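A look at the structure
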Protein chains: 2
Amino acid sequence: MIRKKARRTMGGETYKSMAGQKDNEVPAIRTLADLARVAGVSTGTVSRALAGKSLVNVETRERIQTLAREHGFRPNQMASKLRSRRTGVIGVVIPLGHELRQHISDPFFLTLVGYLADELTEGGYDLMLSRALPDGTSDWLDRIAGSGMVDGVIVIGQSDQYDLIEAASHSYRPLVVWGQHRAGQNHCVVGTDNAAGGRIAVEHLVASGATSLAFLGDTTGIEIADRLRGATEAATAAGVPIRHIPIPLATDAMGPEIEAAMASQCSGINGVVAASDLVAMAALRCLHQKGMRVPEDVQIVGFDDLPLAAQTSPPLTTIRQEIAAGARAMVERLRALVEKEPATSLVMAPTLVVRQSTRAEG
Amino acid sequence: MIRKKARRTMGGETYKSMAGQKDNEVPAIRTLADLARVAGVSTGTVSRALAGKSLVNVETRERIQTLAREHGFRPNQMASKLRSRRTGVIGVVIPLGHELRQHISDPFFLTLVGYLADELTEGGYDLMLSRALPDGTSDWLDRIAGSGMVDGVIVIGQSDQYDLIEAASHSYRPLVVWGQHRAGQNHCVVGTDNAAGGRIAVEHLVASGATSLAFLGDTTGIEIADRLRGATEAATAAGVPIRHIPIPLATDAMGPEIEAAMASQCSGINGVVAASDLVAMAALRCLHQKGMRVPEDVQIVGFDDLPLAAQTSPPLTTIRQEIAAGARAMVERLRALVEKEPATSLVMAPTLVVRQSTRAEG
DNA sequence: ACCCCTATTGCAATCGATTGCATAAGCCAT
DNA sequence: ATGGCTTATGCAATCGATTGCAATAGGGGT
């Protein structure tokens, strides 16, 4: 045990004294103080020079900047952020509340993450990605928000954590959520009018001849529940029957379940509203295997308009969510909140993108 | 000017004194010192107690931990990381060297990011996501590696930055790259044997009756170039002609270009090796529109085996890359490197996944 | 009764950059 | 020549947690 202890200590020492000297002949400049010594000025001046402040002499500033570049010096961010009380990092969290099987690699989430990464990088922020598995303790949001590591938090999808998010938003301000808006809610949300999306989908199906509908998708997530609500309303208004088939949204488990569900419950259905493009794709494939033609025998409308919706055969008619615009809006709002300014929620109108998985209207 | 200065100072003060008091009646405990005062001990003891060290009395430790939980106190990570010289953050970078149009939301990258997020979170690390647009200055890797914000860096895809990565690996150790392995390289890489993948694809196509082949995909990325090389070797060995059609891999621009390319160059082709599943999907759709049947008229083999490869119609025969296993391997290796232990590169064997876009062999 | 030892706890230096304030130098006007 | 002003720089406190070392108290052995 003593030996182990000794070894560890020595290891630490070795690390410290050798760090950065392996491939550099020069003594390696690691801190502001090092650079200050080389430049013959104080650390304060170096700090100001590197920050490009006008307080320092132009000549001095450039000399120091050149020196820093030559030595590949970059100030330690940890120290900087500690002192300036600003991290320049935004936390992006995906709560996986219902359906633990729904992996973080869900295409919709990842597409949104991609756009967020672009927007945040553009604005000089870094992006810290976390997945949260809410358990009983329910401190997943506090943990990341209160860690002192991030200036603000973006939550992608409310899952079944709506109440917790709403509660957290009262004490933690720089918080923007992708999801469903409810009247009177406190937290700033950006999302799509899901009910309208469901309605539009059904109206399109009815207009192009569908007479017996199904809604495919589990409605634990409140966004999905709202899509079903809109779809049901429109179906009722049109006098067309609609059946709800709550298959899970998890990518990997979708295949078998959808086949079982469709085999047993879908006889006579000629119009399908899918909770997402992925569900629609699974349905497409399932129908194809059963020898049903799309859109001749059954019409399908997806939801999301992911890039790959245009790549299926037939290409998918779908309800488009403006993911890129949404990402931009979220970052704008979060920045406002970080600056202590107010921000209002945004509910975007969904649009129908007609491709070839439905017939022409009329 | 004086007024402005004064205002700024006051603003700062206000922020400081009011922070965290908005929704809390209690004076809010923000620092170790605050908690120490409440608990009647020193900050050192609190620090040790929260870290769960055995040095402190069990009783005291539990009292402090309870107190911390009650007040929702969480130590400031910036300070902690500064002192302990360990950030617990891994940087994940996607260099977009060739093809700036290739968005960060490329499904393959994002799938890998998803798995990495899972693996890293599991291991107690956070993940900082960056996209890098290498320009002339070429310091994108140093910038993130030397920022002091991360313990290590994972680079997803070498793009056309192989030399820069190789160079950086000499001075920056905790670095693991997803991509192509070259003999004698210094940086630790995890990836697939791309040449073997190309070879397998061609062998399968030939075995199932293809007599005139095409390879679809731009080969600026060295991984893709290697796939083409393997494919060409196998075609030559089998005495079957193969044509290279360098369409770009960018998702959005793929549609039109692939159609133009296939229209002009693909007459007589009955076997296609795609550089990725996405390219394969585009080809699939294109052929479908032209009335060609897959696999009866043309057979297609994709590359990657993304989850959605099973969802196309017909489902895609493809060369599988072990993305999940790769992510795990990368994290394992990175952890070793962070601990100053050696790590060796890993080249995984690709496997053929036969679905319905190719005919039965023999 | 005295000394040694161990289990706890406090003290203060430290990580590295930032920034308010003080200081110094240079310049102009009186 | 002196005071006022601008510009440039240095000094030292500060951000908040960690940790080596010192100090204290209580327990046991002789």
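Relevant structure appears above.
Right, let's walk through the structure included here. (Residues numbered from 1 in each chain as written. Chains lettered and ligands numbered in written order. Predicted model: local features only at pLDDT ≥ 70, side-chain atom pairs only at ≥ 80, totals over all residues. Heavy atoms only, no water.)

**Quick notes on the sheet that holds strand E3 (residues 152-156) of chain B**
- Reading across from one edge, E11(A)-E5(A)-E4(A)-E3(A)-E1(A)-E2(A)-E2(B)-E1(B)-E3(B)-E4(B)-E5(B)-E11(B) is the order of the twelve strands in this open sheet, with mixed pairing throughout. Looking at the sheet topology across the chains shown, the edges are occupied by strand E11 (346-348) of chain A together with strand E11 (346-348) of chain B. Adjacent strand axes in the sheet meet at a mean angle of 20°, parallel and antiparallel pairs treated alike.
- Taken together, the three bridges between strand E5 (residues 188-192) of chain A and E11 of chain A define a ladder with parallel strand orientation. Directly across from Val190 of chain A, in E11 of chain A, lies its bridge partner Leu346 of chain A. (Pairing = 2+ DSSP bridges. Helix = DSSP H or I, 4+ residues; strand = E, 2+ residues; numbered from the N terminus. Axes fitted to C-alpha atoms, helices over the stretch in contact; angles between N-to-C directions.)

**Focus on the protein's contact with DNA strand D**
- Near DNA strand D, the surroundings consist of 26 residues, among which Thr45, Arg83 and Arg85 of chain A together with Leu32 and Arg83 of chain B are the closest.
- By atom count, sugar and phosphate contribute 64% of the portion of DNA strand D lying within 4 Å of the protein.
- Between DNA strand D and Ser47 of chain B there is a distance of 2.7 Å, counted from a phosphate oxygen to a side-chain nitrogen or oxygen.
- Within the contact set of DNA strand D, a phosphate oxygen lies 3.2 Å away from a side-chain nitrogen or oxygen of Lys53 of chain B.
- Broken down by secondary-structure element, the contributors of at least two residues to the surface near DNA strand D are helix H3 (43-50) and helix H5 (77-84) of chain A together with helix H3 (43-50) and helix H5 (77-84) of chain B. (Near = heavy atom within 4 Å. Polar contact = N/O pair within 3.5 Å; in protein donor to acceptor, adjacent residues only side chain to side chain.)

**As for the protein's contact with DNA strand C**
- Near DNA strand C lie 25 residues; those nearest to it are Leu32 and Arg83 of chain A together with Thr45, Arg83 and Arg85 of chain B.
- Those atoms of DNA strand C that come within 4 Å of the protein belong to sugar or phosphate at a rate of 65%.
- Within the backbone of Asn76 of chain A, a nitrogen or oxygen atom sits 3.2 Å from a phosphate oxygen of DNA strand C.
- Going through the elements one at a time, H3 and H5 of chain A together with H3 and H5 of chain B are the ones with two or more residues in the surface near DNA strand C.
- Taken together, the residues of the surface near DNA strand C break down into eight nonpolar, ten polar and seven charged. (Nonpolar A, V, L, I, M, F, W, Y, C, P; charged D, E, K, R; others polar.)

**Let's talk about the interface of chain A and chain B**
- Listed as interface residues are 58 residues of chain A and, on the opposing side, 58 residues of chain B.
- The junction of chain A with chain B conceals about 4900 Å² of combined surface from both sides, 59% of it contributed by carbon and sulfur atoms.
- It is Arg74, Met78 and Gln311 of chain A that lose the most area in chain A upon contact with chain B, and together they represent 14% of the buried surface on that side.
- Where chain A meets chain B, there are four residue pairs in polar contact (both at pLDDT 80 or more).
- If you tally residues by element for the side of chain A that touches chain B, the top one is helix H6 (residues 107-122) of chain A, at nine residues.
- By residue class, the composition of the side of chain A that touches chain B is 21 nonpolar, 21 polar and 16 charged.
- Here strand E2 (residues 126-132) of chain A runs beside strand E2 (residues 126-132) of chain B; their pairing, made up of three bridges, is antiparallel. Among the inter-strand pairings, Leu127 of chain A is bridged to a residue of E2 of chain B, identified as Leu129 of chain B. (Contact = heavy atoms within 4.5 Å. Buried area = accessible area lost by both parts, 1.4 Å probe.)

**Remarks on the pairing of E3 of chain B**
Residues and elements named next belong to chain B.
- Most of E3 sits out of view: five of its five residues are buried.
- The side-chain alternation of E3 yields two buried faces, one formed by Gly152, Ile154 and Ile156 and the other by Val153 and Val155.
- Sheet topology places strand E1 (residues 89-95) next to E3; four bridges connect them, and they run parallel. In the strand pairing of E3, Gly91 is matched with Val153.
- The parallel pair E3 and strand E4 (residues 175-178) is bridged by helix H8 (residues 162-171), and the resulting crossover is right-handed. (Buried < 20%, exposed > 50% of the residue type's maximum accessible area, 1.4 Å probe, protein only. Right-handed = clockwise from strand over helix to strand, strands pointing away.)

Geometry only, nothing functional implied.
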